[in-house]
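Reading the structure
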Amino acid sequence: MLTVLIDAGNSRIKVSFFDAADPSADTSVHAFAPADLNALADLIRQLPQRPARALGVSVTTEAIRQELDAILAPCPIQWQTPTTRLLRLKNRYHNPAELGPDRWLGMLGVLTARPVDGPLMLVSFGTATTVDTIDDHEAFLGGVIFPGVSMMQSSLGAGTARLPIAPMPAQVWPAFPQSTQAAIAAGIVAAQTGGVIRQWQQVAEHLGRAPLVFVTGGARAAIMPELQARIDSLGVDMGFGTIPLIESESPVLDGLRALAQHSTDA
Ligand SMILES: Nc1ncnc2c1ncn2[C@@H]1O[C@H](COP(=O)(O)OP(=O)(O)O)[C@@H](O)[C@H]1O
Ligand SMILES: CC(C)(COP(=O)(O)O)[C@@H](O)C(=O)NCCC(=O)O
């Protein structure tokens, strides 16, 4: 039985598959621009077997969600909504359904991918940046949302008379950038990194343990070098040693896959 897994984000639609007859079969991820869903329709048409089931999360527009429903028809997409608990993962949001389903399934993805002894954080550099924490009892404590890398670039370009949309090479930036492009890129990296470091320090102080950090999202490459340097430095200062960042290509699809696997086993 073939299950289609769909992560409909604000910038891109990511798709993968789960084959109950062969759970280790191809888990590659296909990404589509919202304006290019014909390519997804082609992919679905060319599958060797018709999908029996589709599991999805969507944080994008209702119009795109309906387009996805039409592409998968007659197979209905089971769109996921956060609740108080999903498998082992508990939800401390005041109103669980208010939480983005991509954040919720992403956390399930990192939690179920490997045994983790202690708290963990999932940082997603997507359209928005989100930094979410799961404590050592597998409860999502809450998290922060701020504008993503592209949104910061474009808002500076659109909201000022003189600032360009600066390129974002992946590097550690000097403290005192001496050109406009470097000042913008370093400023965005500082803002993105600062939000993550603030959360990491709060978790380490609150729980007395160093959280593992999983990093995902299409915009992560530009932030990783500086984030790695800063988090190592904070970890050493706090007596935890260096903190490896663990890249995760598609935790949301991993979470949907864990759900598909669970309901197949049940
Ligand atoms: N080919 C691409 N298409 C769209 N966004 C891209 C691409 N490559 C990198 N990006 C960056 O990744 C972000 C989207 O990442 P993604 O994790 O797919 O986000 P979302 O889940 O919000 O759609 C964009 O905001 C942009 O900064
Ligand atoms: C925070 C988000 C915009 C992130 O979306 P993304 O960048 O992955 O497209 C999305 O998860 C969302 O719309 N969340 C709803 C509000 C919340 O999570 O509290």
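This one's a predicted model, so the numbers in the text were calculated from it and none came from an experiment. (Residues numbered from 1 in each chain as written. Chains lettered and ligands numbered in written order. Predicted model: local features only at pLDDT ≥ 70, side-chain atom pairs only at ≥ 80, totals over all residues. Heavy atoms only, no water.)

The topology assignment puts Thr 193 in helix α5 (residues 180-207). Since its relative accessible area comes to 3%, Thr 193 is described here as buried. Contacts of Thr 193, omitting those with residues within four sequence positions, involve Ile 223, Glu 226, Leu 227 and Arg 230. (Helix = DSSP H or I, 4+ residues; strand = E, 2+ residues; numbered from the N terminus. Buried < 20%, exposed > 50% of the residue type's maximum accessible area, 1.4 Å probe, protein only. Contact = heavy atoms within 4.5 Å.)

A word on the site of ligand 2. Taken together, 14 residues are adjacent to ligand 2, and Asn 10, Tyr 93, Gly 100, Asp 102 and Arg 103 come closest. One of the side-chain nitrogen or oxygen atoms of Arg 103 is found 2.7 Å away from an oxygen atom of ligand 2. Between ligand 2 and the protein, one listed contact pairs an oxygen atom with a backbone N or O atom of Ala 128 at 2.9 Å. Starting from 470 Å² of accessible surface for ligand 2 in isolation, the protein chains cover 77%. (Near = heavy atom within 4 Å. Polar contact = N/O pair within 3.5 Å; in protein donor to acceptor, adjacent residues only side chain to side chain. Areas by Shrake-Rupley, 256 points an atom, 1.4 Å probe, with all protein chains shown as cover.)

All residues adjacent to ligand 1 are Gly 9, Asn 10, Ser 11, Arg 12, Lys 14, Gly 126, Thr 127, Ser 150, Gly 217, Gly 218 and Ala 219. Arg 12 places a side-chain nitrogen or oxygen 2.7 Å from an oxygen atom of ligand 1. Ala 219 places a main-chain nitrogen or oxygen 3.3 Å from an oxygen atom of ligand 1. In isolation ligand 1 has 570 Å² of accessible area, and contact with the protein removes 67% of it. Its residues assigned to classes, the shell around ligand 1 shows one nonpolar, eight polar and two charged. Built from parts of two domains, the shell around ligand 1 gets at least three residues from each of domain 1 (2-79) and domain 2 (85-251). (Nonpolar A, V, L, I, M, F, W, Y, C, P; charged D, E, K, R; others polar. Domains from an automatic or database assignment.)

A few words now on the packing of helix α4 (residues 149-159) against α5. Two numbers describe how α4 lies on α5: the axes approach to 10 Å, and their chain directions differ by 135°. The orientation of α4 with respect to α5, classified from their angle, is oblique. Read as a crossing pair, α4 and α5 show a hand that is right-handed. The segment α4 lies against α5, with Val 149, Met 152, Gln 153 and Leu 156 engaging Ile 184, Ile 188, Ala 191 and Gln 192. (Axes fitted to C-alpha atoms, helices over the stretch in contact; angles between N-to-C directions. Parallel < 35°, antiparallel > 145°, perpendicular 65-115°, else oblique. Left-handed = near helix turned anticlockwise from the far one by under 90°.)

Attention now goes to the sheet that holds strand β4 (residues 53-58). Spatially, the five strands line up as an open sheet ordered β3-β2-β1-β4-β5, and their pairing is mixed. The sheet is open, and its two borders are formed by β3 (30-32) and β5 (77-79), each paired with just one other strand. Within this sheet the neighbouring strands show an average axis-to-axis angle of 25°, counted without direction. In this structure, strand β2 (residues 13-19) lies alongside β3, joined through three bridges in antiparallel fashion. (Pairing = 2+ DSSP bridges.)

As enumerated under the stated definition, the model contains ten salt bridges in all. Arg 65 is paired through a salt bridge with Glu 62; the nearest N and O atoms lie 3.8 Å apart. Here the residue Arg 65 and the residue Glu 62 both occupy positions in helix α2 (residues 62-72), the gap between them amounting to three residues, near one helical turn. Given a relative accessible area of 27%, Arg 65 falls into the partly exposed group. Classification of Glu 62 by relative accessible area gives partly exposed; the value is 46%. (Salt bridge = Lys/Arg side-chain N within 4 Å of Asp/Glu carboxyl O.)

On to the UniProt feature "binding site: ATP" (unreviewed entry) in the chain, then. Cross-referencing UniProt, the feature "binding site: ATP" (unreviewed entry) maps to Asp 7, Ala 8, Gly 9, Asn 10, Ser 11, Arg 12, Ile 13, Lys 14 and Thr 127 in the present numbering. A compact arrangement is adopted by the annotated residues: their sequence extent is 121 residues, whereas the largest C-alpha distance between any two is 13.3 Å. You can see Ser 11 is positioned in the loop between β1 (2-8) and β2. Setting aside chain neighbours within four positions, we find Ser 11 in contact with Ala 33, Pro 34 and Thr 127. Following the sequence through the fold, Ile 13 ends up in strand β2. Those residues in contact with Ile 13 that lie beyond four places of it in its chain are Ile 6, Asp 7, Ala 8, His 30, Ala 31, Phe 32, Leu 37, Ile 64 and Leu 68. (UniProt positions renumbered as here; feature names shortened; annotations may be inferred.)

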